[in-house]
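Summary of the model geometry
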Amino acid sequence: AIKTGAYTLVSGDQIIVNASGATTITVPASASAGDTVTVKATGGGTVTIGRNSQKINSTAADGTLTTGKSTQLVFVDSTIGFLEL
């Protein structure tokens, strides 16, 4: 799917963020082990990956993608949260 504004992901989403300005894409709040999401940034704007009370790569902080970059995240558990592949 193509998104041009803020969006909350659901498990299995594969999205392209085509936005010229800063945009926040939020991971699912209630994830289960093995849930995956994929995000690609394009259009020139920076994409913030909002953690939605989950950890990303074992850290309680949001992530960012600059244009042209992408990530696939897999939920492991509450200690690791979403792990970037």
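A brief look at the structure comes next. Keep in mind that this is a model prediction, so the values were computed, not measured.

**What about the side chain of T71?**
Tracing the chain through its elements places T71 in strand β8 (residues 70–77). Only 3.0 Å separates the side chain of T71 from the side chain of E84, close enough to count as a polar contact. Excluding anything up to four places from it in sequence, T71 contacts V37, T38, V39, L65 and E84.

**Some remarks on the sheet that holds β8**
The strands making up a sheet associate through hydrogen bonds between their backbones, and the pairing can be parallel or antiparallel. The sheet built from five strands is open, its strands ordered β1-β3-β5-β8-β9 with mixed pairing. Each end of this open sheet is capped by a strand with a single partner; those strands are β1 (2–3) and β9 (81–84). Sheet topology note: the strand β3 (residues 14–18)/strand β5 (residues 36–42) ladder contains five bridges and is parallel. Looking at the pairing, N18 lines up with T42 of β5.

**A few points about the packing of aromatic side chains**
Tallied over the entire structure, the rule returns one aromatic pair. Judged by centre distance (5.2 Å) and plane angle (65°), the rings of F75 and F82 are edge-to-face. For the pair F75 and F82, a shared accessibility class is recorded, and that class is buried. Geometry around Y7 places K3 over its ring, the cationic atom sitting 4.1 Å from the centre.

The rules we used
Residues numbered from 1 in each chain as written. Predicted model: local features only at pLDDT ≥ 70, side-chain atom pairs only at ≥ 80, totals over all residues. Heavy atoms only, no water. Helix = DSSP H or I, 4+ residues; strand = E, 2+ residues; numbered from the N terminus. Polar contact = N/O pair within 3.5 Å; in protein donor to acceptor, adjacent residues only side chain to side chain. Contact = heavy atoms within 4.5 Å. Pairing = 2+ DSSP bridges. Phe/Tyr/Trp six-rings, centres within 6.5 Å; stacked < 30°, edge-to-face > 60°. Buried < 20%, exposed > 50% of the residue type's maximum accessible area, 1.4 Å probe, protein only. Lys NZ or Arg CZ within 6 Å of the ring centre and 35° of its normal.

These figures come from the coordinates and say nothing about function on their own.
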